[in-house]
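Breakdown of the fold
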Amino acid sequence: MKYKLTMNGLDCAHCAAKVERAIAETEGFEEVSLVFATKSLYFRHAHDDDITSIVQKITDSVEDGVTVTMAGDHHEHSHEHHHEHSHGHHHEHGSSKLSIVMLATAILLAVSAFILELTGVSDVAVALLSAAAIGLSGYKVCLSGVKAAIKLQLDETTLMTIAVIAAFCLGQFVEGAMVTILYGIGEMLEDRAVDSSRRSIEKLANIQADTANITVNGALRAVPAEEVAVGAEITIKPHERIPLDCVVTQGEGGVDTSAITGESMPVFCREGSELLSGMLNGDSLLKARSTKVCGDGTAARIIKLVEEASVSKSNNEKLITRFARFYTPIVVLISLAIALIPPIFLGNIGVWIYRGLVCLVASCPCAIVISVPLAYYSGIGAASKKGVLIKGGRYLEALAAADTVLFDKTGTLTEGQPKVTKVRAYRGYSEDEVLLLAAGCERNSAHPIAKAITESCKDVLPDMTDYTETAGHGVSAVYNGKRIHCGGSKLLAESGIKNEHPEGGVFVIYDNEVIGSITVSDKLRAEASDVVAKLRKSGVKRLGVLTGDSKENTALTCGKLGLETEQAQLLPQEKLSFVNNEKQNGRTVAFVGDGINDAPVIAAADCGIAMGLGSDAAIASADAVLTSGNLTALPTAFKIAKRTVATAKTNIIFALIIKASVITLAFFGLAAIWMSVLADTGVCMLCVLWAMRLLRN
C-alpha cells in the first residue's frame, strides 16, 4: 500500500536525508522518498493500522522533535510524541520575537565582552559575558549537538558544539560567542529563505476550489466540491475558480486558463465549451454540468503530479545524498589531521587545534543538501506554471540533456483533424463506391484517419460483419460474404498483393483486389514551425518524425518543418525499436506523442512527453505532459530544464569552492571561525536564494 506522511518540525535537509535512509533500511519499507521541500514522506508498506507510530519510532531514533502525521492531518498527532524541536534548524521558534530579542541581547553581550577583551580589564568578565551570549544565541544548537553526539551522529550541530567548547578551552571566549551568534543569524535568514520557497511551492497546488455552488430547494448553496456528483448542475460566479471539470450549459465569457495550460490570454467559452477544474472564471456568470468528480478532475491530477514529482529524484540529488553520507566523516578526519599532525613537527598545538576547528565548522554540507533538491523542485514548479507537468527530477535532467527530439505526426505536429483530399478508384469501381466501402469498414475505428474517412462519406454506410482492427496494420470486415481491408502499403505486402499504385494513402482491398486508395492529409499546427526553430536554438541536434502515416504525407510534413529524421509507415513496435537504437547509439531521446497509440515508445524514451490532459493513458505512460494540448510550451520546458540543472550544478560548485577555500586558508592560519560559519550558513542561504529564482522568473 502507498502512504504519504507529513514530517512536522523537520527543518534540516541533512537530518531529512538521515531519516529517509533510516526508514528505507527498515524491513518492510519500499520506494522510500522524503521530500524536504514539502516535508512529505512517500513509501510503500504492507497495510498496518498504526503506520504513523512505526515511522515515528524510526524517526525518533535518528532525529528528536519531529512529529509524524498522515498527510492532510493538520491537528497534532494523537500519540505521546509531543516535544519541542530542539534542533538548530527549527524556524518556528527561531524566527519568533522572543528569539530575535534573545539574539539581539547576545550580540550586545558579545560586543561588551569584545570591548573588555581589548581593554584587558578582566578575563573572567569576558568569559562570563561570552558564555551568557552563547547561552542566549546557541543553547538549542548545543543541546541538539550533545544529543547527536550521544547517538554517535555527526551533523552541523555537533560540529558547532565542538567548535564552541574547544574555543572556550583555548581561551577564545569572544570567538566562541561569535560562532553561535553568526550561526543564529545565518539560520534565521536561511530558514526564512526556505520558508519563502515552500510558500511559493504551495501556491502551485492552490488551484483546487474547496466548494461548488449548487441549487438546493431553489436557493444557491456552496457545498464541498468532493460531494458534487457527475452530472450535477453547478453555478460559477464571476472571478471564482472552477471547482470541477464541466461543460457550460448557460452563459459565455472569458476564462483564465493559465493555472492549467500556462496560457496568459483568457479563453472565450460559451454553451457547450469544456472547462477544467482549476481555471478561473472571468466577469460572467456561468452555469455548467459537471463531467468528473472532484478527485478525478484536472486540478486534482495536476496537484498530485506536482506533489509527487520530486519522489523521482534526479541523478544529482541521489549523488548529493550519497555524498553527504560520507562527506562529513571525511572532513572530520581531515580536521583532526590538521589539529593533531602538524603540532608533532611544528609545535603550537593550540594554534593547530583552532585551525582544525575552522575546518570543522566550514565543512557542513547543508548548503548542498538543501539547495540541490530545492532547485529541482523549483524547476518542476516553474514548468507547471507554464503548462508543463514534469514527473520527477530525473526526467527534468533527461529533458535538459536531450539531443534528439522525435515527434509523432498526427495530432502532435498536426492538428489531429485529418481530411480526405483525394479518392482514387480502380477495377471499374467509382470513387463514391470506394469511399462508401472504406467508410463502412472504418466506422468502428477511433483512429483519426478512420474518422476522417467516415465523416467524408455522406451516404448511408453499409452493414458489415466480423470487424477486426490491428494497430499499425489497419481494419477489416466482411461485406456480402467477402473480406474488405483498409490499410497502408504494409497491408498489401502482408496480403501478397503487388503495389501497382505508388501514390499510396489508405488502400481499399476487396476480395483480395485493390479497388481504390484514399489520401488523407492533416493541417500543420500553427505553432509547429516556431517550436522546431526554438528547439534547434536551444541545442537539440536532431529533430524528426516517427509515424504510421504514409511516406507521402510524412515527407510533406518533414519538408515544411525542415526535420531531418523521417520514419514513416511504422508499427508501434518499430517506433519502439527505432528509439531504443537511438539510445544505444548514445543519444538522449525525448519523444512527443499523444500518449495512447504511442504509449510504448513514450515509456521507452529518456523523456516521453504526452499532449494534453484528456487521457489517463497519457498521464500514466508519459514522463511529462503538455497540459495545453499543443506544442507551444515545449521549448519553455527545455529552457527551464537546462536552467534547473545548471542552477543545481552551480550551487554544488559554488559551495564546494567556498568551503575548500576556507579550509585552505584555515590550514595556513588565514581564516577565523566566524569565516567558517559564514561558509556554512551564509553559503547555504545564497544557494537557496539562487535556487528560488527558478520559481520567481
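So, how was this worked out
Residues numbered from 1 in each chain as written. Predicted model: local features only at pLDDT ≥ 70, side-chain atom pairs only at ≥ 80, totals over all residues. Heavy atoms only, no water. Helix = DSSP H or I, 4+ residues; strand = E, 2+ residues; numbered from the N terminus. Contact = heavy atoms within 4.5 Å. Areas by Shrake-Rupley, 256 points an atom, 1.4 Å probe, with all protein chains shown as cover. Phe/Tyr/Trp six-rings, centres within 6.5 Å; stacked < 30°, edge-to-face > 60°. Buried < 20%, exposed > 50% of the residue type's maximum accessible area, 1.4 Å probe, protein only. Core = buried A, V, L, I, M, F, W, Y, C linked by side-chain atoms within 4.5 Å. Pairing = 2+ DSSP bridges. Axes fitted to C-alpha atoms, helices over the stretch in contact; angles between N-to-C directions. Parallel < 35°, antiparallel > 145°, perpendicular 65-115°, else oblique. Left-handed = near helix turned anticlockwise from the far one by under 90°. Nonpolar A, V, L, I, M, F, W, Y, C, P; charged D, E, K, R; others polar.

**Re the overall build of the chain**
Regarding its fold elements, the chain presents 24 helices and 26 strands. Excluding contacts between residues fewer than 6 apart, the proportion of contacts in the chain whose partners are at least 24 apart in sequence is 66%. Carbon together with sulfur atoms contributes 57% to the accessible area of the chain, which is approximately 30600 Å² in total.

**Digging into the packing of aromatic side chains**
Summed over all chains, the structure comprises six aromatic pairs. Judged by centre distance (5.1 Å) and plane angle (55°), the ring pair of Phe29 and Phe43 falls under tilted. Of this pair, Phe29 sits in the loop between helix H1 (13-24) and strand E2 (30-35) while Phe43 sits in strand E3 (residues 40-44), and the two are 14 residues apart along the sequence. Each member of the pair Phe29 and Phe43 is classed as buried. The structure contains a cluster of three or more aromatic residues connected by ring pairs, namely Tyr3, Phe29 and Phe43.

**A look at the nonpolar core**
Inside soluble globular proteins, nonpolar side chains tend to come together where they are buried. Ranked by internal contacts, the top residues of the largest apolar core, which has 80 residues, are Val55 and Leu634. At eleven residues, the largest contribution of residues to this core is made by helix H12 (residues 366-385). Among all residues touching Leu634, those that are not within four sequence positions of it are Phe407, Val531, Leu535, Val592, Ile609 and Leu626.

**Quick word on the environment of Ser99**
Tracing the backbone through its elements, the reader meets Ser99 in helix H4 (residues 97-119). As for Ser99 and Ser137, which are separated by 38 residues in sequence, their C-alpha atoms are 8.1 Å apart.

**Details of the sheet that holds strand E19 (residues 482-487)**
The sheet built from six strands is open, its strands ordered E16-E21-E20-E19-E18-E17 with antiparallel pairing. Each edge of the open sheet is held by one strand with a lone partner, namely strand E16 (419-425) and strand E17 (465-470). Across the sheet, the mean angle from the axis of one strand to that of its neighbour is 15°, orientation sign disregarded. Two elements, E16 and strand E21 (residues 513-521), share six bridges in a ladder whose sense is antiparallel. Bridge pairing links Val423 to Ile518 in E21. Strands E16, E17, strand E18 (474-479), E19, strand E20 (506-510) and E21 of the sheet are contacted by helix H15 (residues 431-442), whose axis makes an angle of about 80° with E21.

**So, the sheet that holds strand E22 (residues 542-546)**
If you walk across this open sheet you meet the seven strands as E14-E26-E25-E24-E15-E22-E23, and the pairing is mixed. Only two strands of the sheet have a single neighbouring strand rather than two, namely strand E14 (388-390) and strand E23 (565-567). Neighbour to neighbour, the strand axes of the sheet diverge by 20° on average, direction disregarded. Bridging between strand E25 (residues 607-611) and strand E26 (residues 624-626) involves three bridges; their strand directions are parallel. Directly across from Ile609, in E26, lies its bridge partner Ala624.

**Considerations on the packing of H4 against helix H5 (residues 123-150)**
For any two helices packed against each other, one specifies the crossing angle of their axes together with the interaxial distance. At a minimum axis distance of 8 Å, the contact between H4 and H5 shows a crossing angle of 160°. In terms of axis orientation, H4 runs roughly antiparallel to H5. Considering only the axes of H4 and H5, their crossing is left-handed. Residue-level contacts link Ser99, Met102, Leu103, Thr105, Ala106, Leu109, Ala110, Ser112, Ala113, Leu116 and Glu117 of H4 to Ala125, Val126, Leu129, Ser130, Ala132, Ala133, Leu136, Ser137, Tyr139 and Lys140 of H5. The residue makeup of the contact of H4 with H5, split by class, is 14 nonpolar, five polar and two charged.

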